[in-house]
Number of protein chains: 2
Amino acid sequence: MSKAVTIFDTTLRDGTQGEGISLSVEDKLKITLKLDEMGVHYIEGGWPGSNNKDIEFFHRVKDLKLKHAKITAFGSTRRKLTPPEEDANLKAILDAGVSCATIFGKSWDFHVHKALQTTLEENLAMIYDSVRYLKDNGLEVIYDGEHFFDGYKNNPEYALATIKKAEEAGADWIILCDTNGGTLPHEITDIVKDVKSKVNVQIGIHAHNDCELGVANSIAAVQAGARQVQGTINGFGERCGNANLCSVIPNLQLKLDYTCISPEQLATLTNVARYVNELANVNMPVNQPFVGTAAFAHKGGIHVSAILRHAKTYEHITPELVGNKQRVLVSELAGQSNLVFKAQELGIDFNANNSETKKIIQDIKDLEHQGYQFEGADASLELLLRQASGQVESVFEVESFKLLVAKTADQPVVSEAIVKLKVHGEEVYMAAEGNGPVNALDNALRKALLQYYPDIQDMHLSDYKVRVLDEKDATAAKVRVLVESTDFQNTWSTVGVSTNVIEASWQALVDSIRYSLIGKSRIDPAKDEQRERLGLVNH
Amino acid sequence: MSKAVTIFDTTLRDGTQGEGISLSVEDKLKITLKLDEMGVHYIEGGWPGSNNKDIEFFHRVKDLKLKHAKITAFGSTRRKLTPPEEDANLKAILDAGVSCATIFGKSWDFHVHKALQTTLEENLAMIYDSVRYLKDNGLEVIYDGEHFFDGYKNNPEYALATIKKAEEAGADWIILCDTNGGTLPHEITDIVKDVKSKVNVQIGIHAHNDCELGVANSIAAVQAGARQVQGTINGFGERCGNANLCSVIPNLQLKLDYTCISPEQLATLTNVARYVNELANVNMPVNQPFVGTAAFAHKGGIHVSAILRHAKTYEHITPELVGNKQRVLVSELAGQSNLVFKAQELGIDFNANNSETKKIIQDIKDLEHQGYQFEGADASLELLLRQASGQVESVFEVESFKLLVAKTADQPVVSEAIVKLKVHGEEVYMAAEGNGPVNALDNALRKALLQYYPDIQDMHLSDYKVRVLDEKDATAAKVRVLVESTDFQNTWSTVGVSTNVIEASWQALVDSIRYSLIGKSRIDPAKDEQRERLGLVNH
């Protein structure tokens, strides 16, 4: 059997059924381009019969120059007792102007009776008529057997009858869906093998993650003969999500020798995953497999010393294969090796065994104890290390700030900030308004510094997070602010901690600007020469 | 073979090696009690030979009255060429005063040479001596074969030799560890079967989640004969984490008929998972399987209409079995059914088909378009629905607020707020300080309302989140603030959106207090009578 596996991405359809996920048509078009570059074979753009926004998507996607992905429209089989040509859903698929349709039909007798409230025979006719109708209209047809595994477990003959009907009608692919997400890998294996022995058309798998087995089920299905995997980027989707393509693809290609996309395309996986998260406005869990920022991050002291000797000791693949990179974390679990490694990364000379290094480690641990978290704020840590090693110039000093926020009845809220700085010995006193307090302080700070440092206009804030620490203290609790800034080339993060969210924001803001002005960009440990120099060689 | 599976929790040890996870000794003791109640068999409390905080834990845990969990201390085999009685690590385990030790040794010849830099024979002696030494000191010994699967794949004879040495020395359990997290389920199956045929002692599995297969690997191992699963709550741990016990346990018990904990204990799973996240100060992904707030949340219109007819249609298990509950989400994908269901939940009478309901749905969609997210802010949604149905009394009106935040040099930051309200026709003008702007506004608001509503002192803020929307707009971007409040019985969430974080916080704060004063507690849809009345019957 061929080792080529077709990747069907439903981030734009099933993915948007996940809580908190909402994509504009613009977002969907951008993601489409990104997925096409990554080598995905089908992109399910939406459900035109259900969602006006999707109708607009299908209209506008025609203007995109795609390299090889096929756009497909989703929908259901015709309504019971309605001829296909009169079914609004099927009509919407045709009107979408796609070359491929993905329609789902019932495989589980229970659903036919309870959800559709019709007969088993009528359901078979619904499947046949709908597939046939779309085929007659010149479309490629992918048939999704909804709840296939539950249906098979309850009434295998009927479940098989439904997909054979789809095959009879000319379906190009039959996809077995674990819609409830409750099936186990060994059941997937047995059922897919049985189906494979009974139909001739190509088979695919559509798994959900309700048992945290979406990826395992997809792999088991492929090993049992399925040749299409349906899933989403980052595993977005209804309830616990769909099978996560960002784990399925590397597992199939790097561990089992299947081919989905090219190695060059696989190396863009981390970038694609983060891009989609940004557009969906969702935080990626740091520990997400393959693409998470912590996927190859080593914290325990023993792991770090071993890693520094040989990467294979604690890494199951080379991070760069999926576009990720190794990181060494500095925390209270840090041994000397973590901090020394970090410093070396930055080109700072630290002697692992001297008392000064020990003092810095202690200072960092104390700050972390107060709530500073350097793991997510590399730039603040770098500033600390540089200050400790005496390597940093003073670009400006802060004397004071004042902030006023006022709102009356239905008037817009007003935010004004005044900052007083000392730059190169001169006193600078500047006021500014803003859309909010952090914006007002940011504007005042930049206005004050612009005359001395014109480059400051290139950098801006790109993300801002607040977390309440010591929640037992409620509104009096300390808050930790993490600020991400960018200047279109680099991105860096800084941290501030205080019981006052404005002061915490101010600390992070000031660190961020200081870091930018000091001008040391973070050395990328993934660069080969750097890794060689530091003795990190991947075999 | 018995169907009883032993659960070994390493949240407090391996779990803390995850990025962003840090637990105080207090936290660890609280979690220990919680895990013991849940029925976990072993709790790995820490690594006394590596971490002073852990030494304190083992000292203080002796004062806890545990029902049946055994506390175990982690450590490595003795250092090369060092007698066990002179090894500081082993000594620390003995000093911890535990009845059970969990020690790890090398199974992979590559590690013996590269990481330990010693001979294969010395490594075998290290394993034998260490296990023997601890057994001679009266401890139960669990031996973790580190990197067992990679070791077996590279040199099966040596890998088997290492664990047979541990068995020979009297180890009570042999745990096969997939330390790099790169092994696949079918490999786990084959290797565990082979090991089972070659050793007599009980076998366990310790999987990591680098391929998103930690849960699948744990299950495969049990099906192949392993009878202990090591993992963490919520899958915390180094890199991508350990096998997630919150998925492993329900899969084993509810799907495969193994016994780990009692059904009553299983029903506390969601509560335990959230408790641990709170203490670790980590957000639970909403879509986490079994215990996530979205694990049984239905968003797509078709799913919701089916669910309202019969829960089994889109739920693989009854949520209450793991202490979770069904939710219906209201969003732009909402059909009439979602909103009507929500309203019914609240005892508000909405006619699904009238123009008023359609208008409310449109209003909600518009607000969501502006950035309000009602999925995470049930109380704000409820206020909206009540206002729309004319059911809400005006508890107070806001006329204006002013806020001043000032910081000079090394003086502490000052935050002062003035609020002007109208309560029962009277004008109230109140000022207050605070640790920060939100605290100052909160204090002023409460001071103003206290004389009218004394109950207000029972409620307080328990969490506060800020998210930047439209990040392209940087510091001028809209922010969404989610505020969680509690009065020790109920917890509720409210939302505010503005380009000004203070105004957004103010909105969420005011909604939160309004909600509390209006006094309608959220009806819990998991309550049986309620579910019956609404026609939601789980078969």
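Residues numbered from 1 in each chain as written. Chains lettered and ligands numbered in written order. Predicted model: local features only at pLDDT ≥ 70, side-chain atom pairs only at ≥ 80, totals over all residues. Heavy atoms only, no water.

Here we look at the pattern of salt bridges
Taken as a whole, this structure holds 40 salt bridges over all chains when the rule is applied. Glu-503 of chain A serves as the salt-bridge partner of Lys-407 of chain B, at 3.7 Å between the closest nitrogen and oxygen. Taken together, the positions of Lys-407 of chain B in strand 11 (residues 397-408) and Glu-503 of chain A in helix 18 (residues 501-518) put the pair across two chains. Comparing Lys-407 of chain B with Glu-503 of chain A shows no difference in burial state: the two are buried. Of the charged contacts, one joins Glu-146 of chain B and Lys-106 of chain B as a salt bridge, the two residues approaching to 2.6 Å between their closest N and O atoms. Of this pair, Glu-146 of chain B sits in strand 5 (residues 140-146) while Lys-106 of chain B sits in strand 4 (residues 100-106), and the two are 40 residues apart along the sequence. (Salt bridge = Lys/Arg side-chain N within 4 Å of Asp/Glu carboxyl O. Helix = DSSP H or I, 4+ residues; strand = E, 2+ residues; numbered from the N terminus. Buried < 20%, exposed > 50% of the residue type's maximum accessible area, 1.4 Å probe, protein only.)

Describing the sheet that holds strand 4 (residues 100-106) of chain A
All names here are of chain A. What the 8 strands build is a closed barrel, ordered 1-2-3-4-5-6-7-8; its pairing is parallel. Sheet twist, expressed as the average angle between the axes of neighbouring strands with direction ignored, equals 25°. Here strand 4 pairs with strand 5 (residues 140-146) via 7 bridges, running parallel. When the sheet's bridge partners are listed, Cys-100 is paired in strand 5 with Glu-140. Contacting strand 6 (173-178), strand 7 (202-207) and strand 8 (228-231), helix 9 (residues 214-223) crosses the sheet at an angle of about 170° to strand 7. (Pairing = 2+ DSSP bridges. Axes fitted to C-alpha atoms, helices over the stretch in contact; angles between N-to-C directions. Contact = heavy atoms within 4.5 Å.)

With respect to the domain arrangement of chain A
Parsing chain A into structural domains produces domain 1 (6-261), domain 2 (297-388) and domain 3 (397-525). Measuring from the centre of the C-alpha atoms in domain 1 of chain A to the corresponding centre in domain 3 of chain A gives 47 Å. (Domains from an automatic or database assignment.)

A short note on the environment of Tyr-314 of chain B
Residue and element names in this part refer to chain B. Locating Tyr-314 in the fold gives a position in the loop between helix 13 (301-309) and strand 10 (327-328). Of the residues examined, Tyr-314 reaches a relative accessible area of 0% and is grouped as buried. Expressed as a C-alpha distance, the spacing of Tyr-314 and Glu-399, which sit 85 residues apart in the sequence, is 48 Å.

Topic: unusual backbone geometry
The backbone phi angle of Arg-239 of chain A is positive, close to 55°, even though this residue is not glycine. With respect to the helices and strands, the residue Arg-239 of chain A is situated in the loop between strand 8 and helix 10 (245-256). One non-glycine residue, Glu-212 of chain B, lies in the positive phi region at around 60°. Following the sequence through the fold, Glu-212 of chain B ends up in the loop between strand 7 (202-207) and helix 9 (214-223). For Glu-212 of chain B, a relative accessible area of 13% corresponds to the buried category.

Side note on the packing of aromatic side chains
Residues and elements named next belong to chain A. Under the definition given, this model contains 20 aromatic pairs over all chains. By the ring-pair criterion, three or more aromatic residues cluster together here, those being Trp-47, Phe-74 and Phe-104. Lys-34 extends its terminal NZ or CZ atom over the ring of Tyr-275, reaching a point 4.6 Å from the ring centre. (Phe/Tyr/Trp six-rings, centres within 6.5 Å; stacked < 30°, edge-to-face > 60°. Lys NZ or Arg CZ within 6 Å of the ring centre and 35° of its normal.)

Observations concerning helix 16 (residues 378-388) of chain B
Among the 11 residues of helix 16 of chain B, 8 are classified as buried, and the element is accordingly described as predominantly covered. Along helix 16 of chain B, the positions that sit buried rather than exposed are Asp-378, Ala-379, Ser-380, Leu-381, Glu-382, Leu-383, Leu-385 and Arg-386 of chain B.

Quick look at the interface of chain B and chain A
Between chain B and chain A, the contact holds 113 residues from the first and 113 residues from the second. Applying the counting rule to chain B against chain A returns 2 salt bridges. Looking at which element gives the most residues to the side of chain B that touches chain A, the answer is strand 11 of chain B, with 10 residues. Of the residues in the side of chain B that touches chain A, the class split is 44 nonpolar, 42 polar and 27 charged. As paired elements, strand 11 (residues 397-408) of chain A and strand 11 of chain B share 9 bridges and run antiparallel to each other. Pairing of Leu-404 of chain A across the sheet is with Leu-404 of chain B, part of strand 11 of chain B. (Nonpolar A, V, L, I, M, F, W, Y, C, P; charged D, E, K, R; others polar.)

Some details on the relation of the copies chain B and chain A
When chain B is fitted to chain A, the best match, at an RMSD of 0.1 Å, comes from turning it 180° and sliding it 0.0 Å along the axis. One copy is carried onto the other by what is essentially a two-fold rotation axis. The fraction of interface residues of chain B whose copies in chain A are also interface residues reaches 100%, indicating that both copies meet through the same surface. (Least-squares fit on C-alpha atoms with pLDDT ≥ 70 in both.)

Section: the pairing of strand 2 (residues 42-46) of chain B
All names here are of chain B. Burial analysis of strand 2 places 5 of its 5 residues in the buried class, the great majority of the element. Sheet analysis places strand 1 (residues 6-9) next to strand 2, joined by 2 bridges and oriented parallel. If you follow Asp-9 over to strand 2, its bridge partner there is Ile-43. Running through helix 2 (residues 52-61), the crossover from strand 2 to the neighbouring parallel element strand 3 (residues 70-76) is right-handed. (Right-handed = clockwise from strand over helix to strand, strands pointing away.)

Notes on the sheet that holds strand 13 (residues 426-434) of chain B
Strands sit in the order 13(A)-12(A)-11(A)-11(B)-12(B)-13(B) across an open sheet of 6 strands; the sheet is antiparallel. The open sheet has two edge strands with one neighbour each: strand 13 (426-434) of chain A together with strand 13 of chain B. Averaged over neighbouring strand pairs, the angle between their axes works out to 10° when direction is ignored. Sheet analysis places strand 11 of chain B next to strand 12 (residues 414-423) of chain B, joined by 9 bridges and oriented antiparallel. When the bridges of strand 12 of chain B are listed, Leu-403 of chain B appears paired with Ala-417 of chain B. Packed onto the sheet, helix 17 (residues 437-450) of chain B meets strand 11, strand 12 and strand 13 of chain B and runs at close to 145° relative to strand 13 of chain B.

Some words on the environment of Ala-379 of chain A
Residues and elements named next belong to chain A. Relative to the helices and strands, Ala-379 resides in helix 16 (residues 378-388). The exposure class of Ala-379 is buried, given its relative accessible area of 1%. The sequence separation of Ala-379 and Lys-196 amounts to 183 residues, and the corresponding C-alpha distance is 54 Å.

Here's the deal with the nonpolar core
Core analysis: the largest hydrophobic core is formed by 180 residues, its most contacted members being Leu-252 of chain A together with Leu-252 of chain B. In contact with Leu-252 of chain B, not counting residues within four places along its chain, are Val-5, Ile-219, Val-222, Val-229, Asp-257, Tyr-258 and Cys-260 of chain B. Counting residues in each nonpolar core, the second largest holds 83 residues, with Leu-449, Ile-456 and Ile-513 of chain A together with Leu-517 of chain B among its members. (Core = buried A, V, L, I, M, F, W, Y, C linked by side-chain atoms within 4.5 Å.)

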